[in-house]
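Per-entry structural report
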Amino acid sequence: RPDGTVLAYGDNTYGQCGVGSWSSIVAVAAGQYHSVGLESDGTCVAVGLNGNLQCNVGSWTDIVAVLAGPSHTVGLKSDGTCVAVGNNASGQCDVASWTDIVAVAAGWYHTVGVRSDGMCVATGFNTSGQCDVASWSSIVAVAAGQYHSVGLESDGTCVAVGGNDESQCDVASWSDVTAIASGRAYTVGVSSDGTCVCAG
């Protein structure tokens, strides 16, 4: 909300909706059973299931963006480096060596980053090719689903790799897109005129 407080509704089995005491929040991210908040001073708070330590963000500082996969959490720092906690069974938290990062997306078991030069890096589960983003260029934003990754190019077009069993990667015809998001097996784009396109 404008005053920096947060509301949450839905399944609260693990306390993932227990955000009523949060304040000075500028961004939020929701995993499968955990919620993360970015405070205005660059620190983070988290509630919910912590079985993989995905809520252990209390020591983070200088964070400018937070992302959450089902059981891992990624933070983008102001110096372009990244931190991550949680389930790392597929290497989805192996982001410590990344530098010059300007945007990040957290998929189910993979993480994707955009560098300032528009190139991308990815780590984690890659059975469906969802981490095969090294050839992308002119990328300004990324989104990650369960087994796919999507990139928004500077000219408003999109690229995608990974599992396409529900046609979630069929974004090549999109144009004039200004923002993207991904769910488990779908992709959404927002056009400059405020309309949306969807695949999957």
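Below, the structure is looked at part by part. (Residues numbered from 1 in each chain as written. Predicted model: local features only at pLDDT ≥ 70, side-chain atom pairs only at ≥ 80, totals over all residues. Heavy atoms only, no water.)

1. Looking at the overall build of the chain
This is how the line gets drawn: In this description a helix means any DSSP run of H or I spanning at least four residues, a strand means any run of E spanning at least two, and both kinds are numbered starting from the N terminus. Throughout, radius of gyration means the C-alpha value; the globule benchmark is 2.2 Å times the number of residues raised to the power 0.38. Burial classification: accessible surface area is computed with a 1.4 Å probe over protein chains only, and a residue below 20% of its type maximum counts as buried, one above 50% as exposed, and the rest as partly exposed. In this description, contact between two residues means that some pair of their heavy atoms is separated by no more than 4.5 Å.
In terms of helices and strands, the chain carries 0 helices and 15 strands. Rg of the C-alpha trace for the chain: 16 Å, near the compact-globule value of 16 Å for 200 residues, within the 12% margin. Reported as C-alpha extents along the three principal axes, the dimensions of the chain are approximately 45 × 35 × 30 Å. Considering the chain as a whole, with its 200 residues, one finds that 46% of them fall into the buried category. Put simply, of all contacts in the chain between residues at least 6 apart along the chain, 31% involve residues at least 24 apart.

2. Quick look at the sheet that holds strand E11 (residues 148–153)
Note the cut-off: Pairing between strands is defined by DSSP: at least two bridges between the two strands are required. In this analysis an axis means a line fitted to C-alpha atoms, helices contributing only their contacting stretch, and an angle means the value between N-to-C directions, from 0 to 180 degrees.
Taken in spatial order, the 3 strands of this open sheet run E10-E11-E12, and their pairing is antiparallel. Every other strand in the sheet has two partners, leaving strand E10 (139–144) and strand E12 (158–162) as the edge strands with one partner each. Strand after strand, the sheet turns through a mean of 20° between neighbouring axes, direction not considered.

3. Thoughts on the sheet that holds strand E8 (residues 110–115)
With antiparallel pairing, the 3 strands of this open sheet are ordered in space as E7-E8-E9. This sheet does not close on itself; its edge strands, each paired only once, are strand E7 (101–106) and strand E9 (120–124). Averaged over neighbouring strand pairs, the angle between their axes works out to 20° when direction is ignored. The pairing of E8 with E9 spans 5 bridges and is antiparallel. Bridge pairing links Thr111 to Thr123 in E9.

4. Some points on the packing of aromatic side chains
The condition is simple: Aromatic rings from Phe, Tyr and Trp, with only the six-membered ring used for Trp, were paired whenever their centres fell within 6.5 Å, and each pair was classed as stacked if the ring planes differed by under 30 degrees, edge-to-face if by over 60, and tilted otherwise.
As enumerated under the stated definition, the model contains 3 aromatic pairs in all. The interplanar angle of 50° and the centroid separation of 6.0 Å between the aromatic rings of Phe125 and Tyr147 together place this pair among those described as tilted. With Phe125 in the loop between E9 and E10 and Tyr147 in the loop between E10 and E11, the pair connects residues that are 22 residues apart, well separated along the chain. Judged by relative accessible area, Phe125 falls into the partly exposed class, the value being 29%. Judged by its relative accessible area of 30%, Tyr147 falls in the partly exposed class.

5. Regarding the pattern of salt bridges
The condition is simple: Between Lys or Arg on one side and Asp or Glu on the other, a salt bridge is scored when a side-chain nitrogen of the former is within 4 Å of a carboxyl oxygen of the latter.
Overall, the coordinates contain 1 salt bridge when judged by the stated rule. Two residues, Asp117 and Arg115, come together in a salt bridge whose shortest N-O distance is 2.9 Å. On the accessibility criterion, Arg115 (27% relative accessible area) is partly exposed.

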